[in-house]
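# Residue-level structural notes
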Amino acid sequence: MGYFVQFQLNVFALLIVVILYAMIRLKQRYGLNDYYANSAVQEGRALLSAQKELKNVYIRNKKEQISAVKRKIKATKARLTTLQKIKGSFVKGTPMFNKTSREQQKGAFFVVTYKRYTRLFYCAYDFEHQHLDVEIKHLKSRFGQLNFKKDRYEKQWIVLSNKVAGVCFGSKNSPAAG
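Read on for a plain summary of the structure. (Residues numbered from 1 in each chain as written. Predicted model: local features only at pLDDT ≥ 70, side-chain atom pairs only at ≥ 80, totals over all residues. Heavy atoms only, no water.)

## Section: the pattern of salt bridges
Threshold: We define a salt bridge as a contact between a side-chain nitrogen of Lys or Arg and a carboxyl oxygen of Asp or Glu at a distance within 4 Å. What counts as a helix is a DSSP run of H or I of at least four residues, what counts as a strand is a run of E of at least two, and both are numbered from the N terminus. Here's how the labels work: a residue is buried when its accessible area is under 20% of the maximum for its type, exposed when over 50%, partly exposed in between, all with a 1.4 Å probe on protein chains only.
Counted by the stated rule, this structure contains 4 salt bridges. One salt bridge connects Glu128 with Lys87, and the closest N-O pair in it is separated by 2.8 Å. Pair noted here: Glu128 is in helix H3 (residues 124-162) and Lys87 is in helix H2 (residues 34-92), with a separation of 41 residues, a long-range link. Under the relative-accessibility criterion, Glu128 is labelled buried at 13%. Among the residues examined, Lys87 registers a relative accessible area of 19% and is labelled buried. The structure contains a network of salt bridges with shared partners spanning Lys87, Glu128 and Asp133.

What follows is the structure in structure tokens.
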């Protein structure tokens, strides 16, 4: 227990030394008195603390975005697999449909049911080439876009995780910058 307390005191002493060093540097470099140097150090510490909290929020948001894109990828992949199985059954010559898919065969017709309307195809060739091929192509494109989006979000998450917080006082219009 004594070692832990001593370690905490050493860390606290080191923190005080760093703060005093920052105040001394500010006073020497800009010719400030203690009042303004202390205010600048406190403002800097407050901004760093705020940046640290914001960084945690940004990282959490990015993780949620990544998980949402992964869910979309999973749904797109499942739909693509279903359509490819239907397409494969058409190639074999025996059209077979999943019971839960929106594409069904009603007698001699092929029907695609949407929320507000229904598409009707009179022959297998039209259904295969006007609907299945177009949907498969669209879903493959969507799958690639979602993978790219996921990769981009993961890179942004890595950058956020490795980013070092910093504080800048002044602006490009300040006389010291010119």
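## Description of a nonpolar patch on the surface
Heads up, the condition is: Nonpolar side chains (Val, Leu, Ile, Met, Phe, Trp, Tyr) are joined into patches within 5 Å and like charges within 9 Å, using only residues with over 30% relative accessible area and no salt bridge. For every accessible area listed, the method is Shrake-Rupley and the probe measures 1.4 Å; residues are considered covered only by the protein chains on display.
Judged by side-chain polarity, Tyr30, Leu32, Tyr35 and Tyr36 come together as a nonpolar surface patch covering roughly 480 Å² of accessible area. Of note, Leu32 is situated in the loop between helix H1 (2-30) and H2.

## What to know about the nonpolar core
What counts is decided by this rule: For the purposes of this section, nonpolar cores are sets of buried Ala, Val, Leu, Ile, Met, Phe, Trp, Tyr and Cys residues that join through side-chain atoms within 4.5 Å. When checking whether two residues touch, look at their non-hydrogen atoms; a contact exists if any pair is within 4.5 Å.
The biggest cluster of nonpolar side chains holds 12 residues, and these are Leu80, Leu83, Ile86, Phe90, Phe97, Phe110, Val112, Phe121, Phe127, Leu132, Ile136 and Leu139. Looking at this core, the elements that each hand over two or more residues are H2, strand S2 (109-113) and H3. Beyond its immediate stretch of four places on either side in the chain, Leu80 contacts Ile136, Leu139 and Lys140. In terms of nonpolar packing, the next biggest core, distinct from the first, is built from 5 residues, Ile66, Val69, Ile73 and Leu146 among them.

## Some details on the packing of H2 against H3
Where we set the bar: Simply put, an axis is a line fit to the C-alpha atoms, just over the touching stretch for a helix, and the angle between two N-to-C directions goes from 0 to 180 degrees. Oblique is the label for every angle not falling under 35 degrees (roughly parallel), over 145 degrees (roughly antiparallel), or within 65 to 115 degrees (roughly perpendicular). Each crossing gets its handedness from the near helix: less than a right angle anticlockwise from the far helix is left-handed, clockwise is right-handed. Throughout, the ten residues Ala, Val, Leu, Ile, Met, Phe, Trp, Tyr, Cys and Pro are labelled nonpolar, Asp, Glu, Lys and Arg are labelled charged, and all others, Gly among them, are labelled polar.
Here H2 crosses H3 at 160°, and the two axes come no closer than 8 Å. As the angle between them shows, H2 and H3 are arranged roughly antiparallel. In this structure, H2 meets H3 at a crossing whose hand is left-handed. In terms of residue class, the contact of H2 with H3 is built from 20 nonpolar, 6 polar and 16 charged.

## Looking at the environment of Lys140
Topologically, Lys140 is positioned in helix H3. With near-sequence residues (within four places) excluded, Lys140 lies in contact with Leu80 and Gln84.

## So, the sheet that holds S2
Quick note on the threshold: Two strands are said to pair when DSSP picks up at least two bridges between them.
Spatially, 3 strands are ordered S1-S2-S3 in an open sheet, and the strand pairing comes out antiparallel. Strand pairing shows two members of the sheet lacking a second neighbour, strand S1 (103-106) and strand S3 (118-121), which therefore form its edges. Here the average twist between neighbouring strands, direction ignored, is 25°. Taken together, the 4 bridges between S2 and S3 define a ladder with antiparallel strand orientation. In the sheet register, Val111 faces S3, and the bridge partner there is Leu120.

## Comments concerning the pairing of S1
Along a regular strand, successive side chains alternate from one face of the sheet to the other. Of the strand pairs in this sheet, S1 and S2 are connected by 4 bridges, and their pairing is antiparallel. Residue pairing in the sheet places Lys106 in a bridge with Phe109 of S2. What sits between S1 and S2 in their antiparallel hairpin is a turn of 2 residues, with Gly107 showing a positive phi close to 70°.

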